[in-house]
Amino acid sequence: MRKAKLLRGASQSTSYALLLATSAVVLLPFYWMVLSSVKTNHQLFTTPVQWWVWPLHLSNYSRALSLIPFWRQLGNTVMLSALTVIGTVLSGSVVAYGLAKVDWPGRKPLFWLLIVTMLLPGVVTLVPTYVIFRDLGWINTYLPLIIPAFVGSPYYVFLFRQFFLRIPESLSEAARIDGASELHIYARIIMPVSRPVIASVGVLAFVQAWTEYLGPLIYLNQPAQWTLSLGLTAFLTKYSVEWNLMMAAAVVFTLPLIVVFFVGNKYFVKGISFITDVG
Amino acid sequence: MTATAPVAERRRAIEGAPAAPGDLQDGRRRRKWLSLRRRRCLWGLAFVSPWLIGTGGLVLYPMALSLYYSFTNYDIVSSYQFVGLANYGGLLRDPQFRQALGNTFYLVVVMVPLSLVVALGYALLLNVPVYGQRVFRTVLYLPQMVPTVASAILWMWVLNPQFGLVNTILGWFHILGPLWLNSISWSKPSIVLLNVWGIGGAAIIFLAGLQGISPMLVDAAKVDGAGLWRRFRHVTLPALSPLILFNAVMGVLGAMQYFTQAFIMGGGESGGSSVGLGNSLQFAVVYLYEVAFGDLRVGYASAMGWVLFMMMLVVIAVLLRVSARWVFYEGWRKQ
């Protein structure tokens, strides 16, 4: 018995040591990013490496932000991300309601269509979609980036559906007997109890929109319209040796996501692990 | 009443035709029920319509269009002609495409399995009940929160041969670090390294699977005298196998469409012509992007898209075929 306890203790401390080591390795690049962002150019390129600098060269931040139209691009990114989140949550939940809560013959076959479109690679549609949006005159507008969110992205519809299936049918059935319309049941009964999945989809969609690169790259040609993803790469080409400025810009770009992550931590985990119970 | 009557009745109700006179007595009641059913049909359709329209307009129609373009020499600006299979034939003979495919398959063969192993390792570690478990989970997931562009730029600096983090640390052990992105043979491992760093999402999926394994199963194996390895091999792995397959498929899809980081780290559009030294970071979608949006050869790019799509299907079909042997579906909740 004592031996078993000891053994468990040993395996636990081994895991502990491994976890600590892995965490250190994972966190080091973060430290490197922040450290580099407060170094002078000279401190960046000295050997041996300085693992700590004082005073902090915080002016890197103000310089980095003034070299690109930062605030403008931040505004664009925030606006795009917000609209994407709104569209994704709205369309995802509405479509999922039709697939999970309305008893009609189309729900099964359309669910399979959903799964298929979830797996279809964007590589086939990338070019013709561009041509379509160009013919619509949508190049250099935000429409090609926003509209897709409002028509239900399969992955998020799937997440909503998984959640809706777990809501007891009696809840909506009771309302139906009372004569409530489907729209009413969706808005007044299902959505209010779906806060966890709304939050999960919201944070996942936000991260995706915030970090999106290829879409803005293709559809937005004017720096004033750019998102931070594009702004940061422009930075790379213009000031490619000023790593401290680039790291400062990268820190500012990353920070909002880190904040969102710490606030909505459990929703990320939940949203991702919805995958594990395919129904 | 015959068994077929309700069907006929339903059809009549749907088509809006009046019921036969003979049925009138209980026909009204039934028609009300039927119209309820019909109403549900309309509601269902109404709810899914945004997605149906989206799928039609943004998936099916573009796919058809892409297939059509792939047989033409469409270049956006001038009028175009049918060229038959010329684009596909051209791809066969295109050395750049071949190299791009080779680079892409490197990711499929090296990055995907490595990521799976690391993610599984993370999940196993995170599943051990230790003090501060939640903190560790957060930390290991954190790299996923760095925007793709920011992580690409960060790693370009982390992998700087002379002043970067990785080579500095290797230097402590008297190892002369490689040139990473500035070397033909190390540029792809650099990409792999960066992606393994950000593997938290797959790890969380595995972790959720691990937490779904019944402790009774593990205890039973313990009672039977199974050691740590055998418990892992014969209890944990089979239970996780559907998720391993899921992550593998997702990994393959991601690897075969790998773009952003390679595009940025390879210098892409901006840093000059280079797509990594000696085209070593010329991945399939990077090449497709250049052909489509640089050279405006939409027809050729469309053909490339379809070839890639077919290749993905083949790789995934192989995965599914192979997986039929080891994926264990019991306890996998089915509706």
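My aim in this report is to walk through the structure given alongside it, one point at a time. Predicted model, so just to flag it, every value in this text is computed and none were measured.

**Describing the pattern of salt bridges**
All told, the structure shown has eight salt bridges over all chains when counted by the stated rule. One salt bridge in this structure joins R63(A) and E242(A), with 3.6 Å as the shortest N-O distance. With R63(A) in helix α3 (residues 59–67) and E242(A) in the loop between α13 (228–238) and α14 (243–263), the pair connects residues that are 179 residues apart, well separated along the chain. Relative accessible area serves as the criterion here: at 42%, R63(A) is assigned to the partly exposed category. Among the ionic contacts, a cluster of salt bridges with common partners joins K101(A), E169(A), E173(A), R176(A), E182(A) and R40(B).

**Looking at the packing of helix α11 (residues 195–211) of chain A against α14(A)**
Residues and elements named next belong to chain A. Axis separation between α11 and α14 bottoms out at 11 Å; the angle between their running directions is 175°. Taken together, the axis directions place α11 and α14 in an arrangement best described as roughly antiparallel. Facing V203, F206, V207, W210 and T211 of α11, the residues of α14 in contact are F253, P256, L257 and V260. Of the residues in the contact of α11 with α14, the class split is eight nonpolar, one polar and no charged.

**Topic: the side chain of N87(B)**
Residues and elements named next belong to chain B. Checked against the element boundaries, N87 lands in helix α3 (residues 86–93). A distance of 2.8 Å separates the side chain of N87 from the backbone oxygen of T72, its partner in a polar contact. In contact with N87, other than residues within four places in its own chain, are Y69, S70, F71, T72, G299, Y300 and A303.

**Comments concerning helix α6 (residues 122–135) of chain A**
Residues and elements named next belong to chain A. Compared with an ideal rise of 1.5 Å per residue, which puts 14 residues at 20 Å, α6 spans 20 Å between its outermost C-alpha atoms and is within 8% of the ideal. Of all the bends in α6, the greatest measures close to 30° and is centred on P128. For α6, every residue scored as buried is listed here: V123, V124, T125, L126, V127, P128, T129, Y130, V131, I132 and F133.

**Points about a nonpolar patch on the surface**
Together, Y31(A), W52(A), W54(A), L56(A) and L58(A) give the surface a local cluster of nonpolar side chains, amounting to about 600 Å² of exposed area. Mapped onto the elements, L58(A) comes out in the loop between α2 (41–44) and α3.

**Remarks on the environment of H57(A)**
Residue and element names in this part refer to chain A. Take H57: it is sitting in the loop between α2 and α3. Spatially, the C-alpha atom of H57 lies 9.8 Å from that of L35, the residues being 22 residues apart in sequence. Those residues in contact with H57 that sit more than four places away from it in its chain are S37, V38, K39 and T40.

**Thoughts on the packing of helix α4 (residues 95–126) of chain B against helix α9 (residues 200–211) of chain B**
Residue and element names in this part refer to chain B. Their axes nearest at 8 Å, the elements α4 and α9 cross at an angle of 50°. With respect to α9, the axis of α4 lies oblique. Crossing of α4 against α9: the hand is right-handed. Within the contact between the two elements, α4 uses L116, A119, L120, Y122, A123, L124 and L126 and α9 uses A202, A203, F206, L207 and L210.

**Focus on the interface of chain B and chain A**
Taken residue by residue, the interface counts 92 residues in chain B and 96 residues in chain A. Summed over both partners, the interface of chain B with chain A buries about 8,400 Å², with 82% contributed by carbon and sulfur atoms. Interface area lost by chain B to chain A is led by F47(B), W51(B) and W157(B), which between them contribute 11%. One salt bridge in this structure joins R40(B) and E173(A), with 3.5 Å as the shortest N-O distance. Counting across the interface, chain B meets chain A through eight residue pairs in polar contact (both at pLDDT 80 or more). Looking at the side of chain B that touches chain A element by element, the count peaks at 22 residues for helix α2 (residues 24–69) of chain B. Residues of the side of chain B that touches chain A, tallied by class, amount to 68 nonpolar, 19 polar and five charged.

Criteria and cut-off values
Residues numbered from 1 in each chain as written. Chains lettered and ligands numbered in written order. Predicted model: local features only at pLDDT ≥ 70, side-chain atom pairs only at ≥ 80, totals over all residues. Heavy atoms only, no water. Salt bridge = Lys/Arg side-chain N within 4 Å of Asp/Glu carboxyl O. Helix = DSSP H or I, 4+ residues; strand = E, 2+ residues; numbered from the N terminus. Buried < 20%, exposed > 50% of the residue type's maximum accessible area, 1.4 Å probe, protein only. Axes fitted to C-alpha atoms, helices over the stretch in contact; angles between N-to-C directions. Parallel < 35°, antiparallel > 145°, perpendicular 65-115°, else oblique. Contact = heavy atoms within 4.5 Å. Nonpolar A, V, L, I, M, F, W, Y, C, P; charged D, E, K, R; others polar. Polar contact = N/O pair within 3.5 Å; in protein donor to acceptor, adjacent residues only side chain to side chain. Expected span 1.5 Å × (residues − 1). Bend = angle between axes of the 7 residues up to and from the residue. Patch = residues over 30% accessible without salt bridge, like charges linked within 9 Å, V, L, I, M, F, W, Y side chains within 5 Å. Areas by Shrake-Rupley, 256 points an atom, 1.4 Å probe, with all protein chains shown as cover. Left-handed = near helix turned anticlockwise from the far one by under 90°. Buried area = accessible area lost by both parts, 1.4 Å probe.

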